[in-house]
Amino acid sequence: MNDLLKKLAGKDRYDYEFAASEIINNGNIALFSELIENDGFLFDFVKRNISERLKNAVNEGNYLNLLKFLKFYSPFYADMIAESLAQFANDDLLKKMLELFKTGTISEKSYCAKFFSYIDYQEVLPLLRENAFSEDENLNYNCAEALGILKDKISYDDAVKKLENLEDDFEAMKLVKFLVAYGEKNAVMPIIECMVSSSLQENIAGEIPYLISIFDLLNSFEKAGLLVLNNIINGLGETIELSVVLDFELLDVFRAIISHPINSCIAVVLLNAREKFETLTENNEYTYDEDKNTKAEIEDIKKVLTKQNRENWLKLVKEEVREDSLFVYTALDFCNDEAVIKELLRSNNQTLILRAVEVLKNINCLNNSAKTIALSKVTDINIKNIIRAL
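Given the structure is predicted, the values throughout are model-derived calculations rather than measurements. Numbering of residues starts from 1 in each chain and follows the order in which that chain's sequence is written. In view of the model being predicted, local features appear only for residues whose pLDDT reaches at least 70, and side-chain atom pairs are presented and counted only at 80 or more, with totals across whole chains, interfaces and linings using the full set of residues. Note that the side-chain values use all heavy atoms of the structure and ignore hydrogens as well as water.

### Here we look at the overall build of the chain
Next, step 1: Along the backbone of the chain there are 25 helices and 0 strands.
Next, step 2: Across its three principal axes, the chain shows a C-alpha extent of roughly 85 × 45 × 40 Å.
Next, step 3: Looking at the chain as a whole, 49% of its 390 residues are labelled buried.
Next, step 4: Should any heavy atoms of two residues lie within 4.5 Å, those residues are considered in contact. Counting contacts in the chain only where the partners sit at least 6 residues apart, residues at least 24 apart contribute 66% of the total.
Next, step 5: Element-wise, carbon and sulfur atoms account for 46% of the exposed surface of the chain, whose accessible area totals about 19800 Å².
Next, step 6: Positive charges come from Lys and Arg, negative ones from Asp and Glu, while His and the chain ends are left out of the count. Charge positions are represented by NZ for Lys, CZ for Arg, CG for Asp and CD for Glu. Taking the 44 positively charged and 64 negatively charged side chains of the chain as two groups, their mean positions are separated by 4 Å. The secondary structure listing takes helices from DSSP runs of H or I that are at least 4 residues long and strands from runs of E that are at least 2 residues long, numbered from the N terminus. Only protein chains enter the calculation, and the probe is 1.4 Å; a residue is then buried if its accessible area is under 20% of its type maximum, exposed if over 50%, and partly exposed in between. Areas reported here follow the Shrake-Rupley algorithm with a probe of radius 1.4 Å; residue values treat only the protein chains shown as occluding.

This is the structure we're talking about:
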């Protein structure tokens, strides 16, 4: 890394103020692009410090130099650049940014979208809508965020309507990300309804706490909140990064849940969480690349969960082993009640029948009678073959 960038990231106030001024006053593209290239090697708190130092170096005499940096996008410096430009915005700058939004690169458009989240400029709404579903996630997020700040009801209503009628899970995921970035909390129930019927349940669940905290979700919609939490647990270390244990305040969430009266849904979620966090801490396969704060949080969560009496939770599980329960698949992982599980063999859900057969096999309760009942309800040839082979 360039010596000037080292000074910018360092602790000496004279050095970092000098470095920031050199970069901003001279519009030093080479240094700024090198800074972006080093994004992955700097801790987040260091990047926050750098952003603040660069922002403090911007003034009325040099703010236009920021336009030179727009070809090099970084989400860590986007707000700094956008807010600084907006601070000195005039008609000429608005025209420049609008034109750049129309004709610029993806990086430039991403900065422009962020800029217009700081400016109440209704003329930009068509461009924001047009670019909110591009192939670039940064551009999409910034457009959706700006549309939310500008309270564009057209784009919001359109996204909710499409989400309610869309069968393509990947297209639905784009709409979920749009609504989360838009920031309207009323979208949470349409998102959860989409999650319930999606093959990407874990991915969708992992987006929801960026719109509404798990605490608020549990307080307003307990069962829906527990379902979201359960899907997050399922995704941890697989489709969802482990660092979210801190972002989502999962330690405090589990403490709060445990302190309240336990029902069958809560019991299933806590059992699932306990098993997941025991798995995460069995060896360093999952946590090898995590920072010490994430590792410590995971250990603390495991300790909180394993302190509890697991048997009290297990007694409640069978209440969720029924076809109409949103927690039935997770509940089956912890149920050994043969009679309750066999009731699922008469289900209209063929995937659920298969799972029930597998569980019966695992607890040594699968007999020819049970297989016959299951096969009589199944029409899918692949599921039939799996059941016959068990």
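### Regarding the nonpolar core
Next, step 1: Membership of the largest hydrophobic core comes to 141 residues, with the highest contact counts inside it found for Phe 101, Phe 115, Leu 128, Ile 191, Ile 208 and Phe 254.
Next, step 2: Tallying contributions element by element places helix 18 (residues 264-280) first for this core, with 10 residues.
Next, step 3: Dropping the residues within four chain positions of it, Phe 115 is found in contact with Ala 82, Leu 85, Ala 86, Ala 89, Leu 93, Leu 94 and Met 97. Note on terminology: a nonpolar core comprises buried Ala, Val, Leu, Ile, Met, Phe, Trp, Tyr and Cys residues joined through side-chain atoms within 4.5 Å.

### Focus on the packing of aromatic side chains
Pairs of aromatic rings are described using the distance from one ring centre to the other and the angle between the two planes.
Next, step 1: Two aromatic rings, drawn from Phe, Tyr or Trp (for Trp, its six-membered ring), form a pair once their centres lie within 6.5 Å of each other, and the interplanar angle then sorts them: stacked below 30 degrees, edge-to-face above 60, tilted otherwise. Inspection of the entire model under this criterion finds 14 aromatic pairs.
Next, step 2: Centroid distance Phe 32 to Phe 69: 4.4 Å. Interplanar angle 15°. Geometry classified as stacked. In this pair, Phe 32 is assigned in helix 3 (residues 29-37) and Phe 69 in the loop between helix 4 (44-57) and helix 5 (75-87), connecting sequence segments 37 residues apart. Each member of the pair, Phe 32 together with Phe 69, is buried.
Next, step 3: On the basis of an interplanar angle of 25° and a centroid distance of 5.0 Å, the ring pair of Tyr 63 and Phe 88 is categorised as stacked. Of this pair, Tyr 63 sits in the loop between helix 4 and helix 5 while Phe 88 sits in the loop between helix 5 and helix 6 (91-103), placing them 25 residues apart in sequence.
Next, step 4: A residue is classified by how much of its surface remains accessible, and Tyr 63, at 8% relative accessible area, is buried.
Next, step 5: Among the residues examined, Phe 88 registers a relative accessible area of 17% and is labelled buried.
Next, step 6: Each residue in the set Phe 101, Phe 115, Phe 116 and Tyr 121 is aromatic and connected to the rest through ring pairs, giving one cluster.
Next, step 7: Its guanidinium or amino end placed over the ring of Phe 76, Lys 47 lies 3.6 Å from that ring's centre, counting from NZ or CZ. For a ring to carry a charge above it, either NZ of a lysine or CZ of an arginine must fall within 6 Å of the ring centroid while also lying within 35 degrees of the normal to the ring plane.

### So, the side chain of Ser 51
Next, step 1: Among the secondary structure elements, Ser 51 is positioned in helix 4.
Next, step 2: Once residues lying within four places of it in the same chain are set aside, the contact partners of Ser 51 are Phe 76, Tyr 77 and Met 80.

### Quick notes on the packing of helix 4 against helix 5
The angle between the axes and the distance between the axes are what describe a pair of packed helices.
Next, step 1: For helices, the axis comes from a line fit to the C-alpha atoms of the stretch in contact; other axes are also lines fit to C-alpha atoms, and the angle between any two N-to-C directions lies between 0 and 180 degrees. Orientation of helix 4 relative to helix 5, taken along the N-to-C sense of each, is 15°, at an axis distance of 9 Å. In this view, helix 4 runs roughly parallel relative to helix 5, as classed from their interaxial angle. Between helix 4 and helix 5 lies a crossing of right-handed hand. Taken together, the residues of helix 5 that come into contact with helix 4 (itself represented by Asp 44, Lys 47, Ile 50, Ser 51, Leu 54 and Lys 55) are Phe 76, Tyr 77, Met 80, Glu 83 and Ser 84. Working rule for angles: under 35 degrees goes down as roughly parallel, over 145 as roughly antiparallel, 65 to 115 as roughly perpendicular, anything else as oblique. Left-handed is the label given to a crossing in which the near helix is rotated counterclockwise from the far helix by less than a right angle, and right-handed is the label when the rotation is clockwise.

### Observations concerning helix 12 (residues 188-196)
Next, step 1: When helix 12 is considered as a whole, its buried residues turn out to be Val 188, Pro 190, Ile 191, Ile 192, Cys 194 and Met 195.
Next, step 2: Where the residues of helix 12 are buried, they touch helix 10 (153-165), helix 11 (169-182), helix 13 (201-207), helix 14 (214-220) and helix 15 (222-235).

### Considering the environment of Leu 217
Next, step 1: Mapped onto the elements, Leu 217 comes out in helix 14.
Next, step 2: Under the relative-accessibility criterion, Leu 217 is labelled buried at 1%.
Next, step 3: Separated by 54 residues in the primary sequence, Leu 217 and Leu 271 place their C-alpha atoms 20 Å from one another.
Next, step 4: Excluding residues within four positions of it along the chain, Leu 217 makes contact with Val 188, Ile 192, Ile 208, Ile 212, Glu 222, Gly 225 and Val 228.

### Considering the state of the cysteines
Next, step 1: Whenever a pair of cysteine sulfur atoms sits within 2.5 Å, that pair is classed as a disulfide. As enumerated under the stated definition, the model contains 0 disulfides in all.
Next, step 2: No disulfide involves Cys 335; its sulfur sits 10 Å from the nearest other cysteine sulfur, which is in Cys 365.

### Concerning the pattern of salt bridges
Next, step 1: Any carboxyl oxygen of Asp or Glu that lies within 4 Å of a side-chain nitrogen of Lys or Arg is treated as forming a salt bridge with it. Going through the model one piece at a time under the given rule, you end up with 20 salt bridges.
Next, step 2: Glu 108 is the partner of Lys 71 in a salt bridge, and the nearest nitrogen-oxygen pair spans 3.2 Å. Remark: Glu 108 occurs in helix 7 (residues 106-115) and Lys 71 occurs in the loop between helix 4 and helix 5; sequence separation between them is 37 residues.
Next, step 3: Put simply, Arg 255 and Asp 252 hold a salt bridge, and the shortest N to O gap is 3.7 Å.

### Notes on the side chain of Asn 65
Next, step 1: On the secondary structure map, Asn 65 appears in the loop between helix 4 and helix 5.
Next, step 2: Here Asn 65 falls in the buried class, since its relative accessible area comes to 15%.
Next, step 3: Dropping the residues within four chain positions of it, Asn 65 is found in contact with Ile 24, Asn 25, Asn 26 and Gly 27.

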